[in-house]
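# Analysis of the macromolecular model
Listed below, chain by chain, are the residues.
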Amino acid sequence: MAAQSFLSESLLGWSIFTFILLVILAFCWVYIRKFQSRQESEVVSTITAICALAIALITSALLPVDIFLVSFMKYPNGTYKEWAANNETRGQIEDTVLYGYYTLYSFILFCVFLWIPFVYFYYEERDDDNVNKCSQVKNALKYTIGFAIVCVVLLLIGAFVPLEAPPGQNSTQWEKVQYLFEELGSSHGLPALSFSISSLTLIGMLAVITYTAYGMSVLPLNLIKGTRSVVYERLENTEDIDDVEHQIEKLKSKCNDGRPLSSRDRHNLQELEGKLQVLRRKGRHLEIAERNCCTKVGSALRPFKILLGIFFILVALLFTVALFISNLDKALHSAGISSGFIIFGTNLTNPLNELLLALQPVFPLDYILITVITMYFVVTSMAGIRNMGIWFFWIRLYKIRPKKTRPQALLFLCMILLLIVLHTSYMIYSLAPQYVMYGSQKYLVQSQMPSAGPTSGNATLGTTRICDAEAPEDQCTVTRSYLFLHKFWFFSTIYYFGNWAFIGAFLIGLVVSCCRGKKSVIEGEVEADDSDLSDDEYVH
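Think of each chain on its own: its residues are numbered from 1, step by step along the sequence as written. Where totals are concerned, whole chains, interfaces and linings use all residues; where local detail is concerned, this predicted model gives features only for residues with pLDDT of at least 70, and gives and counts side-chain atom pairs only at 80 or more. Side-chain calculation: all heavy atoms of the structure are included, whereas hydrogens and water are not.

In the nomenclature of an unreviewed UniProt entry, the protein is known as Lysosomal cobalamin transport escort protein LMBD1 of Dicentrarchus labrax. UniProt positions are given in the numbering used here, feature names are shortened, and annotations may be inferred rather than shown by experiment. A UniProt comment under Sequence similarities (unreviewed entry) is attached to the protein, and it reads "Belongs to the LIMR family. LMBRD1 subfamily."

What follows is the structure, given as structure tokens:
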């Protein structure tokens, strides 16, 4: 009976995960096909982008499953269920989740250091003239080897950094070497993988501060403000075309008597002709947008978009407040930098953590909420990248535009999302630390009470408490995600300061988004560096 219950409950958790997996794969295919350029699309880059994006989203979906499985081992009264009463059975469940993290994190390392760099440099070499396939592959492998070396170095550093006190000075060299290998084997390679992932998470933290913080402000405000009127934009564009044509005729009239134009006038004429070309393309796109049924449906759904935008901005403010309280709690009650600002449980009232704990009795509301929070970070990150484009410091590398995004830009987009997802787990832990550590687990505390009956003695009274750091080790199971996040204290310290930077970046992005006007209905479709041929995919 216990074994049957164990199988059914495990099957429920992994069935939900499988359903989410299928939804993720469908979403990735639609998302990549929406943005990729029809003129430059390639099978290999498309498959790579879809797979990398799917791995990023699947990894983010594993955290709710991790919390679900550790929570489902217990009844609400704090006792273990029959199938989870055995330590060995609980260990098997924990190992299953741990191997899931191993697999997905290994895929992320493979994508970031091998697969995506190879495909990216392969298409970069293709842009050069007179380069055959063999040379493309050779040059791409040459650059990819550099990434592979970095990956190996990170794995070795993580594997051989002892987390416990090493042998004394009197030990022989062989004992010290043997200790290092025992340290590596006893943890099943967890430090090696954790160090590599934590190193990538630092880059992901920068991407979260840049893109996610901005996306959390720009996405809801764009929904609230909406887009400009198509009819008004067409009228304004027609006036601009007439004005530019008048300026061109005025310049050309200077050479009616046979005199050549000055270099300054020729330069101005060239700029005006380029501007006129862009305005005419813009007019064609606005005409298509006016006839498009999606534009009309969008106008009809305007009230719903406003409500959704208000909801998103309230969620963003809730996250910011929860993150601020969590960081303040760490600053006041942790041991400081040397401990990585790690605290067990919560000392200040965190609204999001309290909300998740309050939803525990109504299954499965708390798991739905933690899944929504995870996907919210991913969606806002996509919105941030979509609005900002891909930058390297002050240099804009690529733009992300519907039907016009180059293969290299899509690969960059997916790599950034992979890194963002890695840091998302720590962000969610910061928002609800107690819940991410233990889920909805409770434990039973036995206390002795004086007996009120005729017989003297003490009566044993059991009270239920929510799992925290004070709980006995065998009564509460920590999620595997928490172990990955806090294997090295110095990474936790950097993440702590990164959270303060995230709060600052969100507030700055909120001010910038409020000051900006409405977007064009064809935002991102027409740029000065586009060719007329790129309009063909819109016309047909």
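Secondary structure follows DSSP: runs of H or I at least 4 residues long count as helices, runs of E at least 2 residues long count as strands, and numbering of each begins at the N terminus. A tally of helices and strands in the protein yields 17 helices and 4 strands. Out of the 540 residues belonging to the protein, those deemed buried represent 47%. Here a residue-residue contact requires only that any non-hydrogen atoms of the pair lie within 4.5 Å. Considering only contacts in the protein between residues 6 or more positions apart, those separated by 24 or more positions represent 79%. Method for areas: the Shrake-Rupley scheme with a 1.4 Å probe, in which residue coverage is limited to the protein chains shown. Accessible area for the protein stands at about 27,400 Å²; split by element, carbon and sulfur atoms hold 64% of it. Buried residues are those whose accessible area, probed at 1.4 Å on protein chains only, stays under 20% of the maximum for their type, while exposed residues exceed 50% and partly exposed ones sit between those limits.

What follows covers the nonpolar core. Within soluble globular proteins, side chains that are nonpolar tend to cluster in buried spots. Side-chain atoms within 4.5 Å are what join buried Ala, Val, Leu, Ile, Met, Phe, Trp, Tyr and Cys residues into a set we call a nonpolar core. In this structure, Leu53, Phe319, Ile385 and Leu418 are the most contacted members of the largest nonpolar core, which totals 123 residues. In contact with leucine 418, other than residues within four places in its own chain, are Ala52, Ile55, Ala56, Ile108, Cys111, Val112 and Ile116. Counting residues in each nonpolar core, the second largest holds 9 residues, with Val244, Leu269, Leu272 and Leu276 among its members.

The working definition used for a salt bridge is a side-chain nitrogen of Lys or Arg within 4 Å of a carboxyl oxygen of Asp or Glu. What the rule picks out here adds up to 2 salt bridges. A salt bridge links arginine 228 to glutamate 236, with the nearest nitrogen and oxygen atoms 2.7 Å apart. Using a relative accessible area of 26% as the deciding quantity, one classes arginine 228 as partly exposed.

To continue, consider a negative patch on the surface. Within this analysis, patches are made of residues with over 30% relative accessible area and no salt bridge. Like charges are joined at 9 Å or less; nonpolar side chains (Val, Leu, Ile, Met, Phe, Trp, Tyr) at 5 Å or less. His residues and chain termini do not enter the charge count, which takes Lys and Arg as positive and Asp and Glu as negative. In plain terms, the charge of a residue is placed at NZ if it is Lys, CZ if Arg, CG if Asp and CD if Glu. Where like charges cluster on the molecular surface, the negative patch consists of Glu239, Asp240, Asp242 and Asp243. With respect to the element layout, aspartate 242 can be found in helix α7 (residues 230-252).

Here the focus is α7. Expected span of a helix: the number of residues minus one, times 1.5 Å. The end-to-end C-alpha separation of α7 is 33 Å, in line with the 33 Å expected for 23 residues at 1.5 Å each. The set of residues buried in α7 consists of Val230, Glu233, Asn237, Ile241, Val244, Ile248 and Leu251. Lining the buried residues of α7 we find α8 (263-291) and α9 (293-300).

Moving on, we come to the packing of aromatic side chains. Pairs were defined over the aromatic rings of Phe, Tyr and Trp, the Trp ring being its six-membered one, requiring ring centres within 6.5 Å. Orientation was assigned from the angle between planes: stacked under 30 degrees, edge-to-face over 60, tilted for the rest. Counting across every chain of the model gives 23 aromatic pairs. The interplanar angle of 75 degrees and the centroid separation of 5.1 Å between the aromatic rings of tyrosine 496 and phenylalanine 497 together place this pair among those described as edge-to-face. For tyrosine 496, a relative accessible area of 5% translates into the label buried. Taken together, the aromatic side chains of Tyr120, Phe121, Tyr143, Phe147, Tyr398 and Phe412 make up a single cluster linked through ring pairs. Charges are assigned to positions over rings by a cutoff of 6 Å between ring centre and Lys NZ or Arg CZ, combined with an angular limit of 35 degrees from the ring normal. Here the basic side chain of lysine 74 rests over the ring of tyrosine 80, its NZ or CZ set 4.7 Å away from the ring centre.

Right, let's get into a nonpolar patch on the surface. Side chains of Phe392, Phe393, Trp394, Ile395 and Leu397 sit close together on the surface and give an oily, nonpolar patch of about 640 Å² of accessible area. Tracing the chain through its elements places isoleucine 395 in strand β2 (residues 395-398). Classification of isoleucine 395 as partly exposed rests on a relative accessible area of 42%.

We now examine the packing of helix α10 (residues 302-333) against helix α13 (residues 407-431). For the pair α10 and α13, the least separation of the axes is 8 Å and the interaxial angle reads 80 degrees. Looking at the two axes, α10 sits roughly perpendicular to α13. The segment α10 lies against α13, with Phe319, Ala322, Leu323, Ser326 and Lys330 engaging Tyr426, Met427, Tyr429, Ser430 and Leu431. Residue type decides the class: Asp, Glu, Lys and Arg count as charged, Ala, Val, Leu, Ile, Met, Phe, Trp, Tyr, Cys and Pro as nonpolar, and the leftover types, Gly among them, as polar. The residue inventory of the contact of α10 with α13, partitioned by class, reads 7 nonpolar, 2 polar and 1 charged. Note on geometry: axes are lines fitted to C-alpha atoms, helical ones only across the stretch in contact, with angles between N-to-C directions running from 0 to 180 degrees. Under this scheme an angle from 65 to 115 degrees is roughly perpendicular, one under 35 degrees roughly parallel, and one over 145 degrees roughly antiparallel; angles in between are oblique.

Moving on, we come to the environment of proline 76. Among the secondary structure elements, proline 76 is positioned in the loop between α2 (43-71) and α3 (87-126). Residue classification places proline 76 among the exposed positions, given a relative accessible area of 66%. C-alpha separation for the pair proline 76 and serine 440, spaced 364 residues apart in sequence, amounts to 8.4 Å.

Right, let's talk about the confidence of the model for the protein for a bit. Confidence along the protein averages 77 in pLDDT terms, with 82% of residues attaining 70 or more. Every residue carries a pLDDT, the predictor's confidence in it, which falls somewhere between 0 and 100. Helix α17 (residues 536-539) is the least confidently modelled element of the protein, averaging 43 in pLDDT, while α10 averages 89, the highest of any element. When the criterion is pLDDT under 50, residues 176-186 qualifies, and its contacts beyond four places in sequence or with other chains add up to 16 contacts. Note on residues 531-540: pLDDT under 50 across the span, and 22 contacts to partners over four residues away in sequence or across chains.

This part takes up the environment of isoleucine 508. You can see isoleucine 508 is positioned in helix α16 (residues 489-515). Judged by its relative accessible area of 58%, isoleucine 508 is exposed. Sequence spacing of isoleucine 508 and alanine 213 is 295 residues, and the spatial spacing of their C-alpha atoms is 9.0 Å.

Taken together, the 3 bridges between strand β1 (residues 390-392) and β2 define a ladder with antiparallel strand orientation. Considered in β2, the bridge of tryptophan 391 is made with arginine 396. At least two bridges found by DSSP between two strands is the condition for calling them paired. Hairpin geometry of β1 and β2 is characterised by an intervening segment of 2 residues between the two adjacent antiparallel strands and by a positive phi of about 55 degrees at phenylalanine 393.

Attention now moves to the side chain of serine 217. With respect to the helices and strands, serine 217 occurs in helix α6 (residues 190-225). Owing to a relative accessible area of 0%, serine 217 belongs among the buried residues under this scheme. Polar contacts, as used here, are pairs of N or O atoms within 3.5 Å; protein pairs need one atom able to donate a hydrogen and one able to accept it. Residues neighboring in sequence count only if both atoms are side-chain atoms. Of the polar contacts made by the side chain of serine 217, one reaches the backbone oxygen of glycine 509; its length is 3.3 Å. When neighbours within four sequence positions are excluded, serine 217 is seen to be in contact with Phe506, Gly509, Leu510 and Ser513.

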